[in-house]
Amino acid sequence: MKRFFLFLMLVCFAFSSFKENAHPYHVGSVEFNYNQKSKTFEISAKFFLDDMENALNKKYPKSLKFLDAKSHDVINEAMKNYCAEYMRLKVNNQFVKINYLGFEEDNESVNVFLETDVVNQPKKVETSVSMLYNLFDDQLNIIHIIVNGNRKSEKLTFPNRYLYQQF
């Protein structure tokens, strides 16, 4: 038990000692949740705030800063374009339009919200997610696809961006 607490303290110290905009892992998560009532996929994504900020600034020739109220509209437009380029969804062999809804800053992370157009009951779901691949060659994205309560998850590591699931 003592070893566990010592290990936990070391891990906490290691994470708290990183300078701003630096952390050892480049990881994000994207959840595609099929809403039976609206017949749409509700999509939420979560990434480290500094990573997303750096990816947007690398992609677009602007100096975008999260946590700056004056930049909200410009970041919103950049996020919309970024998501359109780095996230795709195919349901039952048909591409589905993904509509960007917005983002929310949450301490050290950014949450992104999207929703698809109406789709028929998903049997085959294919995703292409390469968020932050333009910034890191060690990016890990954990993808969750949920249809009728059936959750299938997989990790995608650079350069792999494709996930196929049958329901």
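Here, the structure is the one placed above.
Small disclaimer: the values here were computed from a predicted structure and weren't measured. (Residues numbered from 1 in each chain as written. Predicted model: local features only at pLDDT ≥ 70, side-chain atom pairs only at ≥ 80, totals over all residues. Heavy atoms only, no water.)

A. Quick peek at the pairing of strand β6 (residues 109-116). Counting buried positions over the eight residues of β6 gives six, a clear majority of the element. Here strand β5 (residues 98-106) runs beside β6; their pairing, made up of eight bridges, is antiparallel. Bridge assignment links Glu104 to a residue of β6, and that residue is Asn111. Linkage of β5 to β6, two consecutive antiparallel strands, is achieved through a turn of two residues, within which Asn107 is found at a positive phi near 55 degrees. (Buried < 20%, exposed > 50% of the residue type's maximum accessible area, 1.4 Å probe, protein only. Helix = DSSP H or I, 4+ residues; strand = E, 2+ residues; numbered from the N terminus. Pairing = 2+ DSSP bridges.)

B. Representation of the sheet that holds strand β9 (residues 150-157) in the model. Taken together, the six strands give an open sheet; going across it, the order is β5-β6-β2-β1-β8-β9, and neighbouring strands pair in mixed fashion. If you trace the sheet from one side to the other, it starts and ends with β5 and β9, each paired once. Averaged over neighbouring strand pairs, the angle between their axes works out to 15 degrees when direction is ignored. Inspection of the sheet shows strand β8 (residues 140-147) paired to β9 by eight bridges, in the antiparallel sense. Across the sheet, Ile143 pairs through a bridge with Glu154, a residue of β9. (Axes fitted to C-alpha atoms, helices over the stretch in contact; angles between N-to-C directions.)

C. Broad picture of the pattern of salt bridges. By the definition in use, this model includes five salt bridges. Taking the shortest distance from any N to any O, the salt bridge between Asp106 and Lys46 comes out at 3.5 Å. Note that Asp106 is positioned in strand β5 and Lys46 in strand β2 (residues 40-48), a separation of 60 residues in sequence. Judged by relative accessible area, which is 36%, Lys46 ranks as partly exposed. Glu85 serves as the salt-bridge partner of Lys59, at 2.9 Å between the closest nitrogen and oxygen. With Lys59 in helix α2 (residues 49-59) and Glu85 in helix α3 (residues 72-86), this pair connects stretches of sequence that are 26 residues apart. On the basis of relative accessibility, which here comes to 30%, the residue Lys59 falls in the partly exposed class. (Salt bridge = Lys/Arg side-chain N within 4 Å of Asp/Glu carboxyl O.)

D. Region of the structure containing the pairing of strand β3 (residues 87-91). Judged by which residues are buried, β3 turns out to be one-sided: Met87, Leu89 and Val91 face inward and are buried, whereas Arg88 and Lys90, on the alternate face, are not. With five bridges connecting them, β3 and strand β7 (residues 124-129) associate as antiparallel partners. Each residue of the ladder has a partner; that of Lys90, found in β7, is Glu126. As paired elements, β3 and strand β4 (residues 94-95) share two bridges and run antiparallel to each other. Among the inter-strand pairings, Lys90 is bridged to a residue of β4, identified as Phe95. A loop of two residues connects β3 with β4, the two strands running antiparallel in sequence, and Asn92 in this loop sits at a positive phi of about 50 degrees.

E. Broad picture of the environment of Asn35. Looking at the element boundaries, Asn35 is found in strand β1 (residues 27-35). Distance from Asn35 to Ile146, taken between C-alpha atoms, is 9.0 Å for residues 111 residues apart in sequence. Those residues in contact with Asn35 that sit more than four places away from it in its chain are Thr40 and Glu42. Engagement of the side chain of Asn35 in a polar contact is seen with the backbone nitrogen of Lys37, the distance being 2.9 Å. Side chain to side chain, Asn35 and Glu42 meet in a polar contact 2.8 Å long. (Contact = heavy atoms within 4.5 Å. Polar contact = N/O pair within 3.5 Å; in protein donor to acceptor, adjacent residues only side chain to side chain.)

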